[in-house]
Structure formats: C-alpha cells, structure tokens
There are 2 protein chains.
Amino acid sequence: MREFILYARKAVTSSNFSLNDLPGSGGRMDLVARCVCNALWISHDLRRDSCIHVVAYGAPNPPRVISFYGSLLRDVTPDERNIASWIKKVQKAKNLNPGIRVRKLSFQQLIAELASDGRFFYILHERGRDIREVLPALKEDSTFVLGDHLGLPAKEENFVTRFPHEKLSLGSTSYLASQCIAILNYELDRIAIAGRRRNAPVGI
Amino acid sequence: MREFILYARKAVTSSNFSLNDLPGSGGRMDLVARCVCNALWISHDLRRDSCIHVVAYGAPNPPRVISFYGSLLRDVTPDERNIASWIKKVQKAKNLNPGIRVRKLSFQQLIAELASDGRFFYILHERGRDIREVLPALKEDSTFVLGDHLGLPAKEENFVTRFPHEKLSLGSTSYLASQCIAILNYELDRIAIAGRRRNAPVGI
C-alpha cells in the first residue's frame, strides 16, 4: 500500500473551526485537504491502494492522527471544503465514514507502529537523494513522510531516521506539500506500470 | 513563459455563485481553483514566469477567459475559496487585481490569438505521446491545453491542431486536471534546471 504521512503543525484538533476560513481558523486545513485530495483521488476514481495519515498538532487536543483510506472512503468529494467538513465531523463523532479513522496518537507513536509492521520510510527532504537517482529501485509499497508549510520538526525527522529510511528530494524546486504528493504518486505510477509490463506474460 | 489553458465547461460566468458550494453552484469552480493553485504556486512563492487562462463556458455569460498572471498577482492565497472569491469579484468589477484579467473571448479566439504570437501548443491527451519520450526536447516556453473533468470537446481540440502542436500524455493513469498541471510543472522544472546546468560557466 502507498502510504503518506503529513505532519500538520497547526491543524486544529477539534471540530471547532470554520469551513469558511480553513487557512486561519482551521490551522491550514486547506493545505491538509489538498494533500488528502492528491493522495487519494485520480480522475473519476479513488486510489484504492493508498492511504494518508494527517498528524494534527494544532489546538486544542493535539496530537491526533486522522487517517483516510482510499479503499474504504465513502461520500467524500475532492474539494477542500468537503474534505475539511469530514475532518470536522469525524472529530466530533467517530465512525461516521468507514474510510476515515481518528486516533489520539503522536507522530512518533504512529511511526513506531508502522515500523513494527515492517514499513520502509521515505522522508521528503530538500537535501535528500534525488528521486530520479533512486528510481527504479524506489519501493512503491512504502511510507512517505512530509512536513507542512512549516516543515517537519528536526526531532520528528530524527526519530524516523532510527528506522529503515531514505531521504528523498524532488529536485531543486520547493513544492507545496500537496504538489509533492501528486508528484510522488506520478513517479510511483510510472514505476508500477513499468513493473507490470516487465512481469506480463510474453505473447499476451 | 509557461502558459496553461483550462477549458472549464461548467464554470459559472458571473459572480452569482456561492463560495460555500464551489462544485455545484460554481460549476466545478473547486477544480478551476485547484488548477490555478498548481499553475502558479510553489512553496512560499508564486511562479513569476507562468500564467493560466481559464476558459469558462458555464451559464449565464459564456464564453469568458479569466487569466491569472504569476508575475502580477496580488493578495491571493492558494486555497480554493480564496481563488474562487477572486474569480467571483473580478467577474463583477474588473481591474481589481493587476494579476487577473477577464475577457469576453472564446476558446478558439484565445487559441488564435496565442498562435499569432507564435506559441506552440501541447494538448494533454490520453492517447498523446508520452511526455518522457518528448523530454528533453519539450519546449518549456509553450502553451499547455487541458480539459476539465468532462474533457476537451473534439471540435476545440481539432481547432488547436490547425496550429503547431503536439499531443502529450502523462502515462496511463488519468489524473485530475490540477494534478496534470502539477506534474507538468515538475517535468518542466527538471528540464529548466538541467538546461541551466548545461549552460552554466565551467568552474563556477
């Protein structure tokens, strides 16, 4: 499964924010919603093999992990307001959508949990190894860790480096977190397709 | 200049839509806003060398071309609601933002205008030539033509093919229009950087 983790330093950890002001009252919930959109949506479909964990560290109840699973998601549309409205709803009443799970969990607890499942981590990092150098050995079935507009705190980044990992760069342009996810999915799609072609039975 | 054209078949051509319902009352104005975001924003900055023309064909006053210029844009933030609020405002009163221009112009008139300026067109097309085959000969200083969720109408596509053009595919996955723009910018950034490296004075 393709898995993304977004460290969202300001994302509000209650249902008490306005859908009319996602950047301000939501603590950059607009950014969060765009990341969810690019992690899970393609044209007229959802990525059933993907999930994204938003680790919210904003007031008043941090930390919270809000996880979206493409295979289970129901009734969500890819616009910022709708995704944010779901984040608002599930923080008030859990189990409203089989594809969204909310937990009281820290970034480090989430990383440790995934590491114990044997996941490999790619940390998006401007001084990481260029993704084009890593291709085609890039492991599609991995966990990609991204910071928000404020970046991943050093202590959290250092924690991830205790586990099997690699730092990955998308080149010398600094993209929005949501764009990083779109680009990662694109690079991974190309690997997946090339892999399927290599493994296809000859003559069919 | 990097230039994008989005054919937005349902995008409302008046200020009479609700910012609380961009997909419905705005005629997929959420999609339009995401495209503008990915055409012009990078992390903590705007792409000064880029523009995007939204060709709106929704009710009640089609067609309208709403153009966003990264070099001139003021006071716009990358969230869907803010971009859409500007689209609403400039359709009521022009010249509110030096970076946004509204014109009564059809898709074909816009194409003809750009063609007379000598622009080369890349039409995003699922049966086009794979962008990775076209690289690194891809012309960065070109105009990229995209359809919305309903695609580019055949008669409009045929019109573009009267001028210097190439059909371009991003592989076998169908992406959201906004994701296509993010991916195109990523591929173009890589070409631009590789080009600058080739042209850099040796020893510096």
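Here we summarise the structure given alongside this text. Only a predicted model underlies this, so the values are computations on that prediction, with no experimental measurement involved.

## Regarding the side chain of Asp-79 of chain A
In step 1: Relative to the assigned elements, Asp-79 of chain A resides in the loop between strand 5 (64-69) and helix 2 (80-92).
In step 2: Polar contacts involving the side chain of Asp-79 of chain A include one to the side chain of Thr-77 of chain A, which spans 2.6 Å.
In step 3: Apart from the residues lying within four places of it in its own chain, the contact partners of Asp-79 of chain A are Pro-23, Asp-30, Arg-34 and Glu-80 of chain B.

## A few points about the sheet that holds strand 7 (residues 121-130) of chain B
Residue and element names in this part refer to chain B.
In step 1: Ordered by their spatial adjacency, seven strands build an open sheet running 6-5-4-1-8-7-9, and the pairing between neighbours is mixed. Edge positions in the open sheet fall to strand 6 (100-103) and strand 9 (165-169), since each of these has one partner strand only. Averaged over all pairs of adjacent strands, the angle between strand axes in this sheet comes to 30°, irrespective of strand direction.
In step 2: Pairing between strand 1 (residues 2-8) and strand 4 (residues 50-56): seven bridges, direction parallel. Bridged to Ile-5 within strand 4 is His-53.
In step 3: Along the sheet, helix 1 (residues 29-40) contacts strand 1, strand 4 and strand 5 (64-69); its crossing angle with strand 4, the most-contacted strand, is approximately 165°.
In step 4: Along the sheet, helix 3 (residues 107-116) contacts strand 1, strand 4, strand 5, strand 6, strand 7 and strand 8 (143-147); its crossing angle with strand 1, the most-contacted strand, is approximately 165°.

## Points about the packing of aromatic side chains
In step 1: A complete count under the given rule lists 16 aromatic pairs over all chains for this structure.
In step 2: An aromatic cluster is present here, built from Phe-4, Phe-120, Tyr-122 and Phe-144 of chain A joined pairwise through their rings.

## Observations regarding the side chain of Asn-97 of chain B
All names here are of chain B.
In step 1: Topologically, Asn-97 is positioned in the loop between helix 2 (80-92) and strand 6.
In step 2: Since its relative accessible area comes to 2%, Asn-97 is described here as buried.
In step 3: A polar contact is formed between the side chain of Asn-97 and the backbone oxygen of Arg-74, at a distance of 2.5 Å.
In step 4: If we skip the residues at most four places from it in the chain, Asn-97 touches Leu-72, Leu-73, Arg-74, Val-76 and Trp-86.

## Topic: the relation of the copies chain B and chain A
In step 1: You can overlay chain B on chain A at an RMSD of 0.0 Å; the transform is a turn of 180° with a shift of 0.0 Å along its axis. Read as a symmetry element, the transformation amounts to a two-fold axis. Across chain B, the rotation axis passes nearest the C-alpha of Ile-183 of chain B, at a separation of 2.9 Å.
In step 2: Interface overlap between copies: 100% of the residues of chain B at the interface are likewise at the interface in chain A, consistent with a symmetric, same-surface contact.

## A word on the sheet that holds strand 6 (residues 100-103) of chain A
All names here are of chain A.
In step 1: Pairing is mixed across the open sheet formed by seven strands, whose spatial order is 6-5-4-1-8-7-9. Where the open sheet ends on each side, the last strands, each with one partner, are strand 6 and strand 9 (165-169). Ignoring which end each strand starts from, the neighbouring axes of this sheet average 30° apart.
In step 2: Taken together, the five bridges between strand 1 (residues 2-8) and strand 8 (residues 143-147) define a ladder with parallel strand orientation. Each bridged residue has a counterpart across the sheet, and for Tyr-7 the counterpart in strand 8 is Gly-147.
In step 3: Against the sheet, helix 6 (residues 177-199) engages strand 1, strand 4 (50-56), strand 7 (121-130), strand 8 and strand 9, with an angle of about 170° to strand 1.

## Observations regarding the interface of chain B and chain A
In step 1: In this assembly, 37 residues from chain B lie in contact with 37 residues from chain A.
In step 2: Looking at the side of chain B facing chain A, the largest losses of area belong to Arg-132, Tyr-186 and Arg-190 of chain B, adding up to 19% of the total buried there.
In step 3: Across the chain B-chain A interface, the total number found is four salt bridges.
In step 4: Across the pair Arg-190 of chain B and Asp-130 of chain A runs a salt bridge, and its minimum N-O distance is 2.8 Å.
In step 5: Remark: the boundary between chain B and chain A carries 23 residue pairs in polar contact (both at pLDDT 80 or more).
In step 6: Elements supplying a minimum of two residues to the side of chain B that touches chain A: helix 1, strand 2 (41-42), helix 2, helix 4 (131-134) and helix 6 (177-199) of chain B.
In step 7: For the side of chain B that touches chain A, the element with the most residues is helix 6 of chain B, which contributes nine residues.
In step 8: Each residue belonging to the side of chain B that touches chain A can be placed in one class, and the counts come to 13 nonpolar, twelve polar and twelve charged.

Here is what the cut-offs are and how they apply
- Residues numbered from 1 in each chain as written.
- Chains lettered and ligands numbered in written order.
- Predicted model: local features only at pLDDT ≥ 70, side-chain atom pairs only at ≥ 80, totals over all residues.
- Heavy atoms only, no water.
- Helix = DSSP H or I, 4+ residues; strand = E, 2+ residues; numbered from the N terminus.
- Polar contact = N/O pair within 3.5 Å; in protein donor to acceptor, adjacent residues only side chain to side chain.
- Contact = heavy atoms within 4.5 Å.
- Pairing = 2+ DSSP bridges.
- Axes fitted to C-alpha atoms, helices over the stretch in contact; angles between N-to-C directions.
- Phe/Tyr/Trp six-rings, centres within 6.5 Å; stacked < 30°, edge-to-face > 60°.
- Buried < 20%, exposed > 50% of the residue type's maximum accessible area, 1.4 Å probe, protein only.
- Least-squares fit on C-alpha atoms with pLDDT ≥ 70 in both.
- Buried area = accessible area lost by both parts, 1.4 Å probe.
- Salt bridge = Lys/Arg side-chain N within 4 Å of Asp/Glu carboxyl O.
- Nonpolar A, V, L, I, M, F, W, Y, C, P; charged D, E, K, R; others polar.

Any link to function would need more than the numbers given here.
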